[in-house]
Every structure is written in structure tokens, then in C-alpha cells.
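# Structural overview for review
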Amino acid sequence: MACQSVSAVMDEQALLGLNPNADAPYRQRALAYFEQLKESQDAWEVCADALAKGIYSDDHVKFFCFQVLEHQIKFRHAGLSAAQQQLIRETLMKWLQTQLMNAQPEKAFIRNKAAQVFALTFVMEYLTLWPKFFFDILNLVGLNPHGVDIYLRTLMAIDAEVVDRDIVHTPEETRRNTLIKDSMREQCIPSLVESWFQILTAYQQTHPELTCQCLEVVGAYVSWIDLNLIANDRFVNLLLSQMSMEDLREEACDCLFEIVNKGMDPVDKTKLVESLCQVLQSAGFFNIEQEEDVDFLAKFSRLVNGMGQSLVLSWSKLVKSGNVKEAAETLHAVEAKVPLLLQLLVHEDDDISTNMVGFCYDYLHVLKQLPQLTEQQKANIEAVMLAVMKKLTYDDEYNFENEGEDEAMFVEYRKQLKMLLDRLAQVSPELLLEAVRRVFTSTMQRWQTAPFMEVEVAIRLLYMLGEALPASHGAHFSGDSAKTSALQDMMRTLVSCGVSGYQHSSVSLEFFETVVRYDKFFIVEPQHIPNVLMAFLDQRGLRHSSPKVRSRVAYLFSRFIKTLHKHMTAFIEDILTRIQDLLELAPPENGFLALLTSDDQLFMFEAAGVLIVSGESPVERKQVLMRSLLAPLTDAFRLLLAKLLQESVEERQAALADCLSHAVGFASRTSKAFSNKQTVKQCGCTEVYRDCLHSFLPALSCPVQRGALRSAVRSFLHRMIICLEEEVLPFIPAASEHMLKDCEAKDLQEFIPLISQITAKFKRQVSPFLQQIFMPLVLAIFEVLGRPAEENDQTAALEKQMLRRSYFAFIQTVAGSGMNEVLANQGAENIERVLFTIIQGAVEFPDPIAQKTCFIILTRLVELWGGKDGMVGFPDFIYKHIVPACFLAPLKPTFDLSDAQTVLTLSECALTLKMIHLKRGSEFIQFLQHEYLPSLQVTPEISQELCQVLQQPDVKVLKNYIKAFFQRAKL
């Protein structure tokens, strides 16, 4: 037992460190002391003694003592002696007894920790050592408020330990928790329920906080105890009376919600909900308009939603089981709740409305399943539509220029309303279309005088129809004539009524979003294109006062142009003139306020490119237009690059490099306009892009800001390989030479795909260049991979892993492109060096992606050089290195056969063995059976089995066998 003089036993200096404001050395000492008490066989007993006798008044020390006790119960309970376990029980009860006598309760954080310790002790001992746990506590605390508080907190802590489904438990814990609940149901739940009833009645006037706590306990436990103990007249009447008490009503509502939510037979559930509704209705709770307390209404709407969803679930179950009569009664019960649903759905407080979305959605789903709708049901659908339309509307407080948390919540709420609208469209598309048309038409007739929120929501509804009434590839203007004529009428009104000039950013945005969503409308009625183009180009769109609108419109403009470029031939040069100032490269000087950001300008350059390329101008004119688009970029680039080379201030260097990168990016983006039908060559633009290359490539040798510049120019080269075809080839050697100088892992990793792209596209055409660059590139990779790095530098390790993968991918591209000579002409020493890196990659590095690539390369090399007329000395390499790699890699402990990626690697390994057999025949089988497999201690029977499978034509059989072979070998 603990010594009587506890102060002599507890480390007072260490306890000083428990204060959050203590100095670091004291805090460290307190931590060390905590560890010491946790691990000791009996030193923790001083904490038990301190709690039982109330020796310390300092809250942090009390909390500390409970923490030490908690550790013993949670992690060391089984190792405690019977006397020590008894000591814990006595400590807790003594501490609880002192609470009853204290004038003031402990701080909440101490009471919560105490409840946790009580709960942990309960979980450990209820089934064995302490079956009278609850009776002991109830007998002790009676109706003492301090005691009842600890009792209720303990019940909630037990719920968290035993019932809470959000906490992941081991199978053992789950079994134990089930046993605990079963025992509680048998032994003490009726007594607990009785205690709750006593607490609820005794304290509802004097201690509302205790009553609320008790209601929370009832709500938590009702999901797994006998419902009849709670869902009875005396309990429900008590809860209903508390629904009228200001301090209790929200918790009482939550408690009823949990009762309604309990899983049960559908017929019983309907009866329960209906009886509850009757009582609530007669008590006047359904008279929403008289209720001013929105916090209570938020809880009440959650309860109504729960009741509605429960009834819908019951209806679904009854329909499935063929119980027609009960299903009809339940549907009648659902329908009876719709007026209340609508009242709450349309409530001005969005939280209250949000709570009803689930029931509303489910109700619409029910209507969708009915063979025919009654007039009342159609009226309900109409009412839901009107409610959704009303609630979609912005309120006056919405801050468009500085959107915060409230605005984000409204955007989320709008998404939920959109779900309802989509569901309405499934139930009755005709009704929805008609309702939207009505609202839209009446609003557009008076848009000049209507408030912005009404105008915005009218256009928004038209926009939302695009998803609610789906059409493949946006073909909303063909097919069903009723739908197409309605949409066409609305679009015609939208683009001709002048609403694009409405002075509010939300209306402007919605106008352009809708125009682009229904861009196919302009194919049907192209006469509206000029008006809409003007809206895009003037102060309504790209020159709007709001940066947010300008930014979005830039993107939408490029989409509009891409869809409708065939209808814009007459306006191309006019558009290009009008957007000229928006295509200027923003200078790197601070304080220059461009209308569009550089990201927005990318869309403008793409749109300009599409207009030039897809127009019907002669080739010469296209070349002139493209040059006038790109020449300002190349001219500015040359000037800025010269400036950068002279600039010494790093911040200015970065700004210049940024500007240079944008120039390259813009030029790059224009090339997206070309296609197989309209190539750079056919449009006469080859020379223009070659000039760009001449201007941009010198940036590769710039000694400062290399990363940004190389990245931009490399991206441009990728685009030019696609667009310029072989015209790009003369530029590649010099560019490669610059990019291989002083490179980091990341530079190389990004350079390799460029070379791989050239190799895959031009194959033999680039063979001389590849032969020339092959070893410099490989040596640069080896040099970077060989650089020492800090042992635990994760970033460097990852960069090296990615570079290794890129290297193997490059070798794979070269080997797979049919250019045997690129590798063969590197000289015996270099070839051997490369081959060994591939063997090393296949075996040494636990990276299944790289290993898989290595085996693909080995298979290809065996195919190229492994036959009778292959490379001299290669068969020897096969037997000495490739065959062992096929066995040593899968035998490595890191080769995880339960990992899908690794299994793919093993399949490639099997294909390598298959290719060796294909090229070397019986010689290979002899080698395996008589030399290699015996060296691995493989039995003659298994060797023979493996060799037989290798000789079968079915590769799938081999893959399966190899997997089983290595699984056995690893046992």
C-alpha cells in the first residue's frame, strides 16, 4: 500500500511541471515522473491514495493522478494483484463520496477524466469482479446533484467505450462489448431507466443542466435497450412536457429523435411515429409560424426529418414484403407530414431548411416509384419546386467580393437543393420545365426593376435544367420537341432581353455560365452569336469591374470559341483586334494591374489560336495572324532575358523568370488549336513556331532561375514535338546539351520523358542523335544517383527513386523502339555498365514499379540479343545474371506477393524466363535442371515440374505456377 506520508513519496518538484505555465525543465521532469509512475509495479498507488484522501487541491495534480490510474486500468489491469484491483475500486468510490460533500463541484475536465476512469474500470470488471457497479454508484449518490453529474458522465463514457460505432474495436473487444450489453439488459437496465426517470423529474426545475445531461444519456442508450422502457406514456409525457421548457426543449427534441431513429419492425415504427406525431400536434408543436426560437426549430426540424425518413423506410420495407394494406397506411402517414415538411423546407433559416432535405429527397423518391400520381401529389411536387426555387435565392447579406464561412455554407446548401431539383426532374420533368419556364419568363420581363437575387436565381434555374434534364453531349436542342422548344424559348429570351447588362456580378456570371452550358443553342440559332460575343468582349464580360467575373469569363470565352468557331469566320479579325490588349504580357514591375491574371490569359491565347487556325482565311493570312499573335511574346522574351542576365537582385530575377515562363506558356497554349485535320504545316505556321524556338532556347543556358526557365522551355518542346513534327529535330541536340548541364535529380527526371517522346515518335530518324546523347544522359543520371544524401532525407530519397524509374523507363523506350543500334553501339564497357544497372534495378531496389520495367527491358534484350546471331557474349550474361535475377528478386523479403503491383512484376519476371527458353531452347532447360536450381536447393521433382511448365505454350499457366512456386519457397 502507499505510504501515509504521501508528500514524502510524490515528487513535489515534478508536480510543479504539471502547470501549463511551468518552465521547460519542470515540464520535462513532470513527464519523466509520469512515465516512472506508469511503469512501476506499485508507485502509482500514491496517486490512488492522493485521490481517495483529497490531499491535493491543485487541479493539474488531480488530473495527473487520474491519468496515472487510467494507464494502470487500460494497459496493466490483468497484471495487477487482487488487492491492487480492490484499491482502484475503493479509490474511485471514496473519491466519489467526497464529491457528494464538496460545496463546489470539481472542474469539468477533472469530472470528465474521472468518468473515463470509472468507465474503463467498468469495462474491465463488470462481467467478473464488479457486477454491482451501477447499484453501488446509485446507492452512494442517491439524488445528490454532484454525484448524479458523475453518474451521468460515467454513463456517457461507457457508451463511448462499449456502444459508439464510430470507434474501431478489435474482434475481441467487440465480443466483450456484446457480452456487457447483454448482461446489462438482463441485470440493470430497468433500474438505470428508473434512475433516469427520477433524475428527469427531480431536477427539471432546479438543475436544467443535469436534466439535459440525462436526456443525452437516454438518447444514447435507447438505440440498444428495450424501447418499451422509454416509449411509454409516462416517459413520453415527461419528454413532451420538457419540450415546452425553454432550458430543456432542445435536448428533449434530440432525445425523441433518437427514439424515432431506433431500428425496429416497420409496422411498429409507423405506429410509434404516428402516436408521437399525434401528441406533438395536439400539443401545438406543428404550428411553426408561432415559434420564434430558431435554435429549437433547428432541433425540431431534425426530429420531423427523422420521423419522415423513418416512415419512408417503413413504407419501402412493407412494399418489398408485399404488405399492401400497411404500406398504404404508411404512405398516408408520409403524405400527412408533407405540409409540415414544406413549412420547414421553406423556412428563412437555412439550417432549419437543410435539416428537411433528407425527408424531402426520400419523399420524391417514393413518388418516382408510384405508377400514377394523384392531384394532391402533383400539387406537392409543385410546392417542393417553389420551395426549392425560393430557397436557392441569395439573401441581402451574401458577400460576393469577400466570401467567408457563411457564404461557403450557403454554397453547400445550394448543392443540396440542386439534388432536390435533380430528383424533381426524375419524378416529373414536364412539371419542372414548366415551373422554371414560368419563373424565368416573368423575371426576364421585368429584369430592369427586379432585385439581383431574383434575376440570378431565374437564370440559375435555367442553367440547372441542363443537368436535371440530361442530354447526351449537351444535345438539348434536338429530340423531345416540348423540351427543346421550351429551352430554346428561354435561351432566346436570355440572349436578347438585355439582362447581360444587369449590374451585379452574380447575374453576369450566371449569364455567361448559362450561355456556355447551352452553347449548342447557337448552332440552331447562330444569329445571336454577335450579340453574345459583344457581351463577352465588353464591360459585361472580359472587362467587367469584378476580377472574379473577368477570370471566369476568360475560361468560358475559350470554351465558347472552341464549340462555335465554325460560326465565327466573319468575326475572327474583329475579335482578335478587340482582345489584343488582353494578350499583352504583363511586365514584371510591381503595381501593374492587368485586367486578367496570367492563368486567365492562357485561355485567351488558346481562344485566339483556335480562331486563327479554324478560320477560313488563306494560309498566308493565317501565318500573318499567328505571327502577330506570337511576335510580341518572342520580342518581349528576348528583352526580358537580356534583363535577367544583368539582374543581381534575386527577387527581381524571380519576377523576370516568372514573366519569361508566362511568355513561353502562352505561345505553348496557342499550339493546342492545331489538330490532325489542321496541322501547323497546313496552316502555314511552321516558320512562326520555329522563330519561337529560336527565341526561347537561349534561356536554357541562363545561369540564374534555371528551374523555372528549363521547365517552361521543356514544356514548349513537348508541344512542338507533337505540332512541328520533324521540323523540331534540329533544335533537340543543342537543347539537350544545355539541359544536361549542372542538373539535379528533378531536372533529369523531367528531361527523360522529352527524350522518350522523341524516341517513340521519330524512331529511326533520331537514331544518330540518340546514339550520341545516350551515354552523356546515362552518366548524368549515374552521377546524380551516386550523390550522397542524408540518411533520413525523405525528399531526396523519393527524388532518387523517381529518377531511377525514369531512367529505366528511358531504357525501356530505347529497347522497345526497335533501335537495336543505339544500345549496341555504346561500346562493350558501357553496355555492360548499363546492363548491370538493369539487373540491380530488378533485384536490389524494393520498388515494384521500377522492377517491373527492368524485367520488361531484360525480356526485350533477350529477344534482341539472346538468339544464335545475337550480341557476342550475351548468352553468357543471360546465364550468369539474368536467370539469377529472375529467382533472386522474388525471393527477397521485400518482394511482397500480396501486393498487386509486385504480382505484376512477377508476371514480367515469368515472361523473361519464357523469352530465355524461346531463344535458348533445351540448353536453358538443361542449365536450370542441372546447374542453377540445384544451387538453390530446389528438389529434382520441383525442378522438373518448373521446366515442364516453362516448355508449355500457355503463358498464363506459367505465371500462376511461378507465383505458387515463390509462395512455397517463402514459407
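Fair warning: this is a prediction, and the values are worked out from it, not measured in the lab.

## Regarding the overall build of the protein
Of the regular secondary structure elements, the protein holds 46 helices and zero strands. Against the compact-globule benchmark of 30 Å for 971 residues, the protein has a radius of gyration of 39 Å, which places it well outside the compact range. Overall, the protein is about 95 × 85 × 65 Å in size when its C-alpha atoms are taken along their principal axes. Here the protein, with 971 residues, has 51% of them falling under the buried criterion. Of the contacts formed within the protein by residues at least 6 apart in sequence, a portion of 73% connects residues at least 24 apart. Carbon and sulfur atoms make up 52% of the accessible area of the protein, which amounts to about 44300 Å² in all. If the 93 positive side-chain charges of the protein are averaged to one point and the 121 negative ones to another, these points end up 7 Å apart.

## Description of helix H19 (residues 357–369)
Look at H19: 19 Å from first C-alpha to last across 13 residues, which is about the 18 Å you get at 1.5 Å a residue. Within the span of H19, buried status applies to Val357, Phe359, Cys360, Tyr363, Leu364, Val366 and Leu367. Summarising the contacts, the buried residues of H19 are in contact with helix H16 (294–320), helix H17 (324–345), helix H18 (350–354), helix H20 (375–391) and helix H21 (405–427).

## Comments concerning the nonpolar core
Membership of the largest hydrophobic core comes to 347 residues, with the highest contact counts inside it found for Met184, Trp196, Phe300 and Phe887. When near neighbours in sequence (up to four residues on either side) are disregarded, Phe887 contacts Leu913, Leu928, Tyr932, Leu933, Leu936, Leu946, Phe965 and Phe966.

## Focus on the UniProt feature "domain: Importin N-terminal" (unreviewed entry) in the protein
Under the local residue numbering, the UniProt record ascribes the feature "domain: Importin N-terminal" (unreviewed entry) to residues 30–98. Secondary structure content for residues 30–98 is 78% helix and 0% strand, while the C-alpha to C-alpha distance between its ends is 27 Å.

## Brief notes about the domain arrangement of the protein
Here the protein is partitioned into domain 1 (8–128), domain 2 (568–671), domain 3 (751–787) and domain 4 (827–970). Taking the mean C-alpha position of each, domain 1 and domain 2 sit 70 Å from one another.

## A word on the pattern of salt bridges
Once the charged atoms of two side chains with opposite charge are near each other, the side chains can pair. Within the structure shown, the criterion is met by 56 salt bridges. Ionic pairing is found between Glu573 and Arg621, a salt bridge with its closest N-O pair at 2.6 Å. Taken together, the residues Glu573 in helix H29 (residues 572–578) and Arg621 in helix H31 (residues 619–646) connect sequence positions 48 residues apart. Three or more residues joined by partner-sharing salt bridges are found here, namely Asp59, Lys62, Glu106 and Lys107.

## Details of helix H15 (residues 266–282)
With 17 residues, H15 extends 24 Å from end C-alpha to end C-alpha; this agrees with the ideal 24 Å at 1.5 Å per step. Restricting attention to buried positions, one finds in H15 the residues Pro266, Val267, Lys269, Thr270, Leu272, Val273, Leu276, Cys277 and Leu280. Looking at the packing, one finds that the buried side of H15 touches helix H13 (233–242), helix H14 (249–261), H16 and H17. N-capping of H15 is provided by Asp265, with a side-chain oxygen placed 3.0 Å from the backbone N of Val267. One or two positions beyond H15, positive phi appears at Gly284, with a value near 90°.

## Brief notes about the packing of H14 against H16
Orientation of H14 relative to H16, taken along the N-to-C sense of each, is 10°, at an axis distance of 9 Å. Accordingly, the angle class assigned to the pair H14 and H16 is roughly parallel. Seen from H14, the contacting residues are Arg249, Glu250, Cys253, Asp254, Leu256, Phe257, Glu258, Val260 and Asn261; seen from H16, they are Asp295, Phe296, Lys299, Phe300, Arg302, Leu303, Gly306, Met307 and Ser310. Of the residues in the contact of H14 with H16, the class split is eight nonpolar, three polar and seven charged.

## Considerations on the packing of aromatic side chains
What the rule picks out here adds up to 50 aromatic pairs. A centroid spacing of 5.0 Å and a plane angle of 55° characterise the contact between Phe122 and Phe133, whose relative ring orientation is tilted. Of this pair, Phe122 sits in helix H7 (residues 108–125) while Phe133 sits in helix H8 (residues 133–141); the two residues are eleven residues apart in sequence, bridging distant segments of the chain. On the basis of an interplanar angle of 55° and a centroid distance of 6.0 Å, the ring pair of Phe887 and Phe966 is categorised as tilted. A residue pair is termed long-range when its members are at least 10 positions apart, and Phe887 in helix H42 (residues 874–891) and Phe966 in helix H46 (residues 955–969) qualify at 79 residues. Connected via pairs of aromatic rings, a cluster forms that spans Phe477, Phe511, Phe512, Tyr518, Phe521, Phe522, Phe536, Phe557 and Phe560. Of note, Arg414 hangs over the ring of Tyr394, and the distance from its end group to the ring centre comes to 4.3 Å. Positioned over the ring face of Phe762 is Lys761, at 6.0 Å from the centre of the ring.

## What to know about the side chain of Ser668
On the secondary structure map, Ser668 appears in helix H32 (residues 650–670). For Ser668, the residues in contact, after removing those within four places along its chain, are Ser715, Phe716 and Arg719.

## Section: the side chain of Arg540
Following the sequence through the fold, Arg540 ends up in the loop between helix H27 (529–537) and helix H28 (547–564). Within the local environment of Arg540, its side chain forms a polar contact with the side chain of Ser500, the two groups lying 2.9 Å apart. Within the structure, the side chain of Arg540 is placed 2.8 Å from the side chain of Asp538, a separation counted as a polar contact. Those residues in contact with Arg540 that lie beyond four places of it in its chain are Ser500, Gly501, Ser508, Phe512, Asn531, Met534, Ala535 and Val549.

## Some thoughts on the environment of Phe855
Structurally, Phe855 can be placed in helix H41 (residues 848–865). Since its relative accessible area comes to 0%, Phe855 is described here as buried. As for Phe855 and Arg29, which are separated by 826 residues in sequence, their C-alpha atoms are 56 Å apart. Contacts of Phe855, omitting those with residues within four sequence positions, involve Ala842, Ala885, Cys886, Ala889, Thr905, Glu908, Cys909 and Thr912.

## Section: the packing of helix H24 (residues 481–496) against helix H25 (residues 505–517)
For any two helices packed against each other, one specifies the inter-axial angle together with the distance between the axes. Look at H24 against H25: their axes get within 11 Å of each other, and the N-to-C directions meet at 135°. Overall, the two elements H24 and H25 adopt an arrangement that is oblique. Crossing of H24 over H25 shows left-handed handedness. Residues Met491, Leu494 and Val495 of H24 lie in contact with H25, whose contacting residues are Phe511, Thr514 and Val515. For the contact of H24 with H25, the class distribution of residues is five nonpolar, one polar and no charged.

## What about unusual backbone geometry?
Leaving glycine out, the prevailing phi sign among residues is negative, and the prevailing peptide bond configuration is trans. Of note in this structure, Glu725 is not a glycine but carries a positive phi near 55°. Mapped onto the elements, Glu725 comes out in the loop between helix H34 (706–723) and helix H35 (732–739). Unusually for a residue other than glycine, Gln937 sits at a positive phi of about 60°. Examined against the element boundaries, Gln937 turns out to sit in the loop between helix H44 (922–935) and helix H45 (940–951).

## Quick notes on the state of the cysteines
As used here, a disulfide is simply a covalent bond connecting the sulfur atoms of two cysteines. For the coordinates displayed, the defined rule picks out zero disulfides. Here Cys255 is not disulfide-linked; the sulfur of Cys214 is the nearest cysteine sulfur, at 8.5 Å. Overall, the relative accessible area of 1% leaves Cys255 in the buried class. With no disulfide of its own, Cys854 lies 12 Å from the sulfur of Cys886, the closest cysteine sulfur. Of the residues examined, Cys854 reaches a relative accessible area of 0% and is grouped as buried.

## Details of the confidence of the model for the protein
Segments scoring low in pLDDT should not have their predicted coordinates read at a detailed level. Averaged over the protein, the pLDDT score is 91; the fraction of residues at 70 or greater is 98%. Of the regions scoring below 50 in pLDDT, residues 1–8 engages in 14 contacts with residues more than four places distant in sequence or in other chains.

## Things to note about the environment of Gln28
Within the secondary structure, Gln28 sits in helix H3 (residues 24–39). Judged by relative accessible area, Gln28 falls into the exposed class, the value being 55%. A sequence separation of 540 residues divides Gln28 from Met568, and the C-alpha atoms of the two residues are 75 Å apart.

## A look at the environment of Phe845
In this structure, Phe845 sits in the loop between helix H40 (828–843) and H41. Taking the relative accessible area as the measure of exposure, Phe845 reaches 24% and is therefore partly exposed. Along the backbone, Phe845 and Arg804 are 41 residues apart, and their C-alpha atoms lie at a distance of 9.8 Å. Phe845 has contacts with Arg804, Gln840 and Gln851, leaving out every residue within four places of it along the chain.

How each quantity is defined
Residues numbered from 1 in each chain as written. Predicted model: local features only at pLDDT ≥ 70, side-chain atom pairs only at ≥ 80, totals over all residues. Heavy atoms only, no water. Helix = DSSP H or I, 4+ residues; strand = E, 2+ residues; numbered from the N terminus. Rg over C-alpha atoms; globule rule 2.2 N^0.38 Å. Buried < 20%, exposed > 50% of the residue type's maximum accessible area, 1.4 Å probe, protein only. Contact = heavy atoms within 4.5 Å. Areas by Shrake-Rupley, 256 points an atom, 1.4 Å probe, with all protein chains shown as cover. Lys, Arg positive; Asp, Glu negative; His and termini not counted. Charge placed at Lys NZ, Arg CZ, Asp CG, Glu CD. Expected span 1.5 Å × (residues − 1). Core = buried A, V, L, I, M, F, W, Y, C linked by side-chain atoms within 4.5 Å. UniProt positions renumbered as here; feature names shortened; annotations may be inferred. Domains from an automatic or database assignment. Salt bridge = Lys/Arg side-chain N within 4 Å of Asp/Glu carboxyl O. Polar contact = N/O pair within 3.5 Å; in protein donor to acceptor, adjacent residues only side chain to side chain. Axes fitted to C-alpha atoms, helices over the stretch in contact; angles between N-to-C directions. Parallel < 35°, antiparallel > 145°, perpendicular 65-115°, else oblique. Nonpolar A, V, L, I, M, F, W, Y, C, P; charged D, E, K, R; others polar. Phe/Tyr/Trp six-rings, centres within 6.5 Å; stacked < 30°, edge-to-face > 60°. Lys NZ or Arg CZ within 6 Å of the ring centre and 35° of its normal. Left-handed = near helix turned anticlockwise from the far one by under 90°. Disulfide = S-S within 2.5 Å. pLDDT = per-residue confidence, 0-100.

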